[in-house]
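Next come the chains, spelled out residue by residue.
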Amino acid sequence: MAAAVADPSRVVAVEHLTKRFGSVLAVDDLSFAVAPGRVTGFLGPNGAGKTTTLRILLSLVTPSSGRATIGGHAYRDLPDPLHTVGAALEATGFHSGRTARDHLRVLAATAAIPGRRVDEVLGLVGLADSARRRVGGYSMGMRQRLALAAAMLGDPAVLLLDEPANGLDPEGIRWLRGFLRHLAGEGRTVLVSSHMLSEVRQTVDDVVIIARGRLIRQAPLEDLEGAPATLVRTPTPGPLARALTTAGMAVEGGPAGGDQPGTADGAGAATGDGAGAATGTGTGSAVLGTGSRAAPPDGVLRVRGSAPSSVGAVAHRSGIELHELRLEVSDLEATFLALTADPDEQGPIPEGAAR
Amino acid sequence: MIRLIRSESLKLFTTRLWWGLLIGVVLTSVAFAILAASTAGRSLGGGAASPGLNDPAVVRSVYTAGLGVAYVFALALGVIAMAGEYRHQTMTATVLASPRRLRIVVSKLITLIAVGAGYGVATVAAGVLAGAVVIAVRGGELRLGSDGVPRALVLAVLAVALWTVLGLAVGTLIRNQVLALLLAIGIAWIAEPIVAFALNALNVGEVAEYLPSQATSALVQPSTGGGGVTISLLPWWGGALVLLGYALVAGALGAAITLRRDIT
């Protein structure tokens, strides 16, 4: 992947990492690498082992086995950690009686970071006006911003952020999105954990999905989304399929329904469900992206890689009546849930979903 | 290391705790010194008169009257310096800034000993000022340069400084700050003096001599008469060594635990 060619000092790597807390296996032989210049989403349901992995990366927790490194070094061996890695682990690590500015001054002192930089990062996260207030009076969103300010103190090339969007209002989330994109644009490595894919899908380039301490999938986000497709419903699927194929488009489904408009109505309504259920593959092979969707119902054609406008144009030229024409959006959240579902807790895979 | 010590002192001086404790030690020191100086040599409740101001040990007791409160406050400061980091979860940021944890413990120790010594100086200064006024009014001799008074004052400062280290160890062992404070203060202020008194009453005072509170008393060699029980104390240097020993063991224990612990 991109990691192979990128600046190796900015690569975050986890190799065969295992952490056991008593009888609980929090992280189970986990391996992945995070590339610089991209925002990577570190995803998984609550309790999947995300925070433990991040804490091991930061030498806060000792792994039972395996390695977690930043630029090839364990965090505890970094000569100048604050200038190398910025971490925001939870929005709760503040003394309520200390002001935001003093909280940062305490940290800045350890790396001889001047007070000027403290004011700079407070401005960067939009806390300049509240800098001299005690953190006890801060909202959750303000604490998140303060945690981010602390991470930025040393202007680090690698950022590890644990659920940074928690407690932010919609405006704050939009701001965070732009901020993270900007940081990655500067060539930094940005790893952001979240238990909600929808929360980060507009921000991340890559995803690392884990569940029960194990890697489920690592891929660029677009691989997870699959190629866009157009769904078209018509009383005459046969002629339309021929017309589209002639126009050089990839057509799926259709002719089975033949010219029986009666069946098309009910089948068309079920399209959404069909596509959603298809993601519940549950076979463990994570067959997602292209080829994973269910065959469209009778009377409905799926045209891959073509926009609704071009499909509509072909139909118009051929004089074919259309009853529905829309872009098929993959349900990323359903994909995520299906991928991370615990087979022991979810019970049997729903009938028909595995086809 | 200098940077870490700067960071640790900023931690102490950017919350309101430090001046609360300072006001506490100064006020109690003044009050106890005045009380001790006014009642010395008088008969309370119709019993035999206590030793008077012409006894040098009484003068040492007056000047260091606030010590008993000051060392417990120092203990509390040490507890809070460590357990407070867990309570407010600032330990994460602290360890991220300095992943080599031994340095954190050492810089905390140095900072606490220095700040503890500061509280010691405040305690002694307040005690000497208030005590000297009362002694002068009662026509007693101030003895500020004689009879082991200067040594007692310096060692009282040392004692307060060393008690912060005991607090640090307690705060490391028990991360729940409230519980750690209750236990530390409860033992230092209530349980341990009772045990010491009981041991002395049972004529095995030589065992009690090695308890932290008794070792602290030995540093200032106060007046030990009265109450019907004779309290035996180590010589001043013995008390200093015993207290230093406690601090060393406590510091090493705190460091060893902090180094290994997962911070979750």
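Criteria and thresholds
- Residues numbered from 1 in each chain as written.
- Chains lettered and ligands numbered in written order.
- Predicted model: local features only at pLDDT ≥ 70, side-chain atom pairs only at ≥ 80, totals over all residues.
- Helix = DSSP H or I, 4+ residues; strand = E, 2+ residues; numbered from the N terminus.
- Rg over C-alpha atoms; globule rule 2.2 N^0.38 Å.
- Buried ≥ 20, exposed ≤ 12 C-beta atoms within 10 Å, placed from the backbone.
- Contact = placed C-beta atoms within 7 Å.
- Nonpolar A, V, L, I, M, F, W, Y, C, P; charged D, E, K, R; others polar.
- Pairing = 2+ DSSP bridges.
- Domains from an automatic or database assignment.
- Expected span 1.5 Å × (residues − 1).
- pLDDT = per-residue confidence, 0-100.
- Axes fitted to C-alpha atoms, helices over the stretch in contact; angles between N-to-C directions.
- Parallel < 35°, antiparallel > 145°, perpendicular 65-115°, else oblique.
- Left-handed = near helix turned anticlockwise from the far one by under 90°.

A few points about the overall build of chain B
And step 1. Secondary structure assignment for chain B yields 11 helices and 0 strands.
And step 2. Against the compact-globule benchmark of 18 Å for 264 residues, chain B has a radius of gyration of 19 Å, which places it among compact chains.
And step 3. Seen along its three principal axes, the alpha-carbon backbone of chain B occupies a region of about 60 × 40 × 30 Å.
And step 4. Buried residues in chain B amount to 48% of all 264 residues.

Overview of the interface of chain A and chain B
And step 1. Across the contact, 29 residues belong to chain A and 23 residues belong to chain B.
And step 2. The set of elements that each furnish at least two residues to the side of chain A that touches chain B consists of α2 (81–84) and α3 (100–110) of chain A.
And step 3. Looking at the side of chain A that touches chain B, the element that brings in the most residues is α3 of chain A, giving 6 residues.
And step 4. By residue class, the composition of the side of chain A that touches chain B is 15 nonpolar, 8 polar and 6 charged.

Focus: the pairing of strand β6 (residues 158–162) of chain A
All names here are of chain A.
And step 1. Extensive coverage of β6 is indicated by the burial of 5 of its 5 residues.
And step 2. Residues V158, L160 and D162 line one face of β6 and the alternating positions L159 and L161 line the opposite face, and both faces are buried.
And step 3. Sheet analysis places strand β5 (residues 85–88) next to β6, joined by 4 bridges and oriented parallel. Across the sheet, residue V85 finds its bridge partner in β6, namely V158.

Section: the domain arrangement of chain A
Residue and element names in this part refer to chain A.
And step 1. Domain annotation for chain A reports domain 1 (2–220) and domain 2 (226–346).
And step 2. Contact residues are listed per partner, giving 12 residues for domain 1 and 7 residues for domain 2.
And step 3. Listed by contribution, the elements that provide at least two residues to the side of domain 1 that touches domain 2 are α7 (197–200), β8 (206–211) and β9 (214–220).
And step 4. A per-class count over the side of domain 1 that touches domain 2 returns 7 nonpolar, 2 polar and 3 charged.

Overview of the pairing of strand β10 (residues 229–233) of chain A
Across a regular strand the side chains alternate sides, sitting on one face of the sheet and then on the other.
Residue and element names in this part refer to chain A.
And step 1. Extensive coverage of β10 is indicated by the burial of 5 of its 5 residues.
And step 2. The alternating pattern of β10 places A229, L231 and R233 and T230 and V232 on opposite faces, both of which are buried.
And step 3. Note: β10 against strand β13 (residues 324–328), 5 bridges, orientation antiparallel. By the bridge assignment for β13, L231 is matched with R326.

Some points on helix α7 (residues 149–173) of chain B
And step 1. Here α7 of chain B spans 37 Å end to end across 25 residues, near enough to the 36 Å set by a 1.5 Å rise per residue.
And step 2. Counting buried positions over the 25 residues of α7 of chain B gives 20, a clear majority of the element.

Structural notes on the confidence of the model for chain B
And step 1. Looking at chain B, the pLDDT average stands at 89 and 96% of residues meet or exceed 70.
And step 2. Interface confidence for the predicted complex, given as ipTM, is 0.88, next to a pTM of 0.80.

Considerations on unusual backbone geometry
Residues and elements named next belong to chain A.
And step 1. Of note in this structure, D29 is not a glycine but carries a positive phi near 50°.
And step 2. If you check the backbone angles, S59 has positive phi at about 60° while not being a glycine.
And step 3. Among the secondary structure elements, S59 is positioned in the loop between α1 (50–57) and β4 (65–70).
And step 4. Classification of S59 as buried rests on a count of 22 C-beta atoms within 10 Å.

So, the packing of α7 of chain B against helix α8 (residues 177–201) of chain B
Residue and element names in this part refer to chain B.
And step 1. Two elements in contact, α7 and α8, have axes separated by 9 Å at closest approach and are oriented at 135°. By the criterion of interaxial angle, the relationship of α7 to α8 is oblique. With respect to the hand of their crossing, α7 and α8 are arranged in right-handed fashion. For the pair α7 and α8, contact is made by G167, V170 and G171 and by A180, L183 and A184, respectively.
And step 2. In terms of residue class, the contact of α7 with α8 is made up of 4 nonpolar, 2 polar and no charged.

As for the sheet that holds strand β1 (residues 12–21) of chain A
Within a sheet, each strand pairs with its neighbour through backbone hydrogen bonds, oriented either parallel or antiparallel.
Residue and element names in this part refer to chain A.
And step 1. Here we have 3 strands laid out as an open sheet, ordered β2-β1-β4, and antiparallel in their pairing. Of all strands in the sheet, those bounded by a partner on one side alone are β2 (24–34) and β4. The average undirected angle you get between the axes of adjacent strands in this sheet is 20°.
And step 2. As paired elements, β1 and β2 share 7 bridges and run antiparallel to each other. Counted as the bridge partner of K19 is V27 from β2.
And step 3. Its contacts with the sheet put α1 on β1, β2 and β4, and the angle it makes with β1 is roughly 115°.

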